[in-house]
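Each chain is listed here by its residues.
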Amino acid sequence: MQSDGDPIAFAEDLIAEGRPEDAAAFLFARIEEGRGGLLARVTLVHALLSAGDVATALEAARDAAQLFPGVASAIVALGDALFAASHLPTAIAEYQRALRLEPASDEIRLKLGLCWLEAGEPERALEQFAAVDEPPAALIARAEAIKARARSDAGYVRHLFDQFSSDYDTRMRGQLGYRAPEVLRDLALLVMPGATGLTALDLGCGTGFAAEAFTGIAAVIDGIDLSPAMIAKARERGLYRALTVADIESGLDVTGPQYDLVLAADTLVYLGDLAATFAAVARRLKPGGFFLFTVEAAKVAAFELGPKRRWRHSESYLRQVAEENGFDVMGLLESSPRAEAGVPVEGYAVALSRHG
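Residues numbered from 1 in each chain as written. Predicted model: local features only at pLDDT ≥ 70, side-chain atom pairs only at ≥ 80, totals over all residues. Heavy atoms only, no water.

With respect to the overall build of the chain
In terms of helices and strands, the chain carries 17 helices and 11 strands. Here the C-alpha coordinates of the chain stretch approximately 80 × 40 × 35 Å along the principal axes. Taken over 356 residues, the chain has a buried fraction of 51%. Restricting to contacts in the chain with at least 6 residues of sequence separation, those with at least 24 account for 60%. (Helix = DSSP H or I, 4+ residues; strand = E, 2+ residues; numbered from the N terminus. Buried < 20%, exposed > 50% of the residue type's maximum accessible area, 1.4 Å probe, protein only. Contact = heavy atoms within 4.5 Å.)

Notes on the pattern of salt bridges
Following the criterion strictly, the structure yields 19 salt bridges and no others. Put simply, Arg142 and Glu118 hold a salt bridge, and the shortest N to O gap is 2.5 Å. Here Arg142, found in helix α9 (residues 137-148), pairs with Glu118, found in helix α7 (residues 106-118); they are 24 residues apart in sequence, far enough to count as distant. Across the pair Asp266 and Arg338 runs a salt bridge whose closest N-O atoms are separated by 3.4 Å. Here the residue Asp266 occupies a position in the loop between β4 (259-264) and α16 (275-284), and Arg338 occupies one in the loop between β8 (327-335) and β9 (339-340), the gap between them amounting to 72 residues. By sharing partners, the salt bridges in this structure join Asp266, Glu296, Arg310, Arg338 and Glu340 into a single network. (Salt bridge = Lys/Arg side-chain N within 4 Å of Asp/Glu carboxyl O.)

As for the packing of aromatic side chains
Scanning the entire structure with this criterion turns up nine aromatic pairs. Between the aromatic rings of Tyr178 and Phe209, the centroid separation amounts to 5.9 Å while the plane-to-plane angle is 45 degrees, which identifies the pairing as tilted. Here Tyr178, found in the loop between α11 (168-175) and α12 (180-191), pairs with Phe209, found in helix α13 (residues 209-213); they are 31 residues apart in sequence, far enough to count as distant. The interplanar angle of 65 degrees and the centroid separation of 5.5 Å between the aromatic rings of Phe278 and Phe293 together place this pair among those described as edge-to-face. Of the two residues, Phe278 sits in helix α16 while Phe293 sits in strand β5 (residues 285-297), which places them 15 residues apart along the sequence. We note that Phe278, like Phe293, is buried. A network of ring pairs unites the aromatic residues Phe278, Phe291, Phe293 and Phe327 as a single cluster. (Phe/Tyr/Trp six-rings, centres within 6.5 Å; stacked < 30°, edge-to-face > 60°.)

Quick word on helix α14 (residues 228-237)
Turning to α14, its buried residues are Met230, Ile231 and Ala234. Down the axis of α14, the buried set is contained in an arc of 100 degrees. They therefore lie on one face. (Arc of directions from axis to C-beta.)

Some details on the pairing of strand β2 (residues 218-225)
Successive side chains on a regular strand alternate, one facing one side of the sheet and the next facing the other. Of all eight residues in β2, six are buried, a share of seventy percent or more. For the crossover from β2 across α14 to strand β3 (residues 243-245), the handedness is right-handed. (Right-handed = clockwise from strand over helix to strand, strands pointing away.)

Quick notes on the nonpolar core
Judged by nonpolar contacts, the single largest core of 45 residues is most densely connected at Leu27, Leu44 and Val45. Those residues within four positions of Leu27 in sequence are excluded, and the remaining contacts are Ile8, Ala11, Ala40, Thr43 and Leu44. One finds Leu176, Ala211, Ala234 and Leu243 within the second-largest nonpolar core, a separate group that totals 32 residues. (Core = buried A, V, L, I, M, F, W, Y, C linked by side-chain atoms within 4.5 Å.)

Examining the side chain of Glu296
In this structure, Glu296 sits in strand β5. For Glu296, the side chain forms a polar contact with the side chain of Arg310, separated by 2.7 Å. Excluding residues that lie within four positions of it along the chain, Glu296 makes contacts with Val269, Arg310, Trp311, Arg312, His313, Arg338, Val345, Glu346 and Gly347. (Polar contact = N/O pair within 3.5 Å; in protein donor to acceptor, adjacent residues only side chain to side chain.)

Thoughts on unusual backbone geometry
Here the phi dihedral of Ser86 falls at roughly 65 degrees; this positive angle occurs in a residue that is not glycine. Summarising the element assignment, Ser86 is placed in the loop between α5 (72-84) and α6 (88-101).

Now the structure itself:
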């Protein structure tokens with residue numbers, strides 16, 4: 001394959017014609033021959049991304065950024081590859097680094113804003129969109145819609161826990177005194193005395209604390225979580241039959257097994273309106289099955305967003321939404337699932353039973 005003129009324009013034409021693999025092969029050859037500079041390497045990243053080869057694109061982008069550390073276009077290419085690989089925290093960091101080099105670039109701001117939007121941070125996205133000459137109406141509307149939802153955005157939750165996954169266990173047990181799974185186990189012993197051999201589902205399973213706490217009560221336990229990194233940690237424990245990366249609202253709507261027990265330890269704090277989740281849990285529980293969960297306490301409002309971006313729920317609201325979705329309240333106890341700055345967080349541990 002040869003180019004009679006500008007090799008970069010030739011490669012870009014191949015990409016535009018739907019031949020990104022050919023463009024990548026052409027650029028790889030030039031680089032191996034020592035004839036590929038910055039533009040060739042950046043275009044190679046775009047060709048590989050267009051071809052769907054994210055892993056190779058990421059490798060090529062890292063090479064380009066290492067060779068040209070002070071050039072914004074190389075850093076943006078790395079951000080593009082990281083974004084395509086769903087590595088949102090590092091993609092954001094690279095776009096921010098590129099923006100420091102070219103603070104007047106609308107293109108970089110738009111990419112950074114989109115990255116914040118995918119991470120479920122609409123305020124930060126809107127800040128970037130407002131700084132460009134022609135703010136993108138569709139993206140602004142999407143950000144405003146996220147802000148208006150009565151739940152934390154799925155992207156925000158995934159981004160948050162992907163970041164925390166490496167030291168989650170130490171942070172939760174040490175710094176925050178996290179004990180929601182043990183609270184639910186004690187509640188289970190109270191409302192389900194002698195229960196054993198159950199089939200259970202762990203909503204927002206994280207790294208698998210609840211699976212450990214319910215050993216002996218649950219013979220089989222499945223897990224669902226938004227964060228792929230947390231699911232990977234849970235898999236290492238070897239306690240789950242199946243693990244699924246999904247949002248609990250949508251993930252529970254799909255056809256799946258029926259359970260004796262559904263757990264949500266410190267998970268519903270990322271949802272305000274619980275009606276959809278309670279309805280979905282009811283569909284997946286066997287008649288007489290139990291739904292055990294913890295929430296943080298709201299004193300007046302049905303549900304409200306706290307200063308730590310965690311939702312709080314009132315006792316009256318929990319009782320109402322339980323009744324509306326076919327549950328009996330078998331136990332509702334004041335309980336603290338964790339601490340903040342050494343102060344116990346006020347909350348409830350709740351046991352519901354689906355009507356038989």
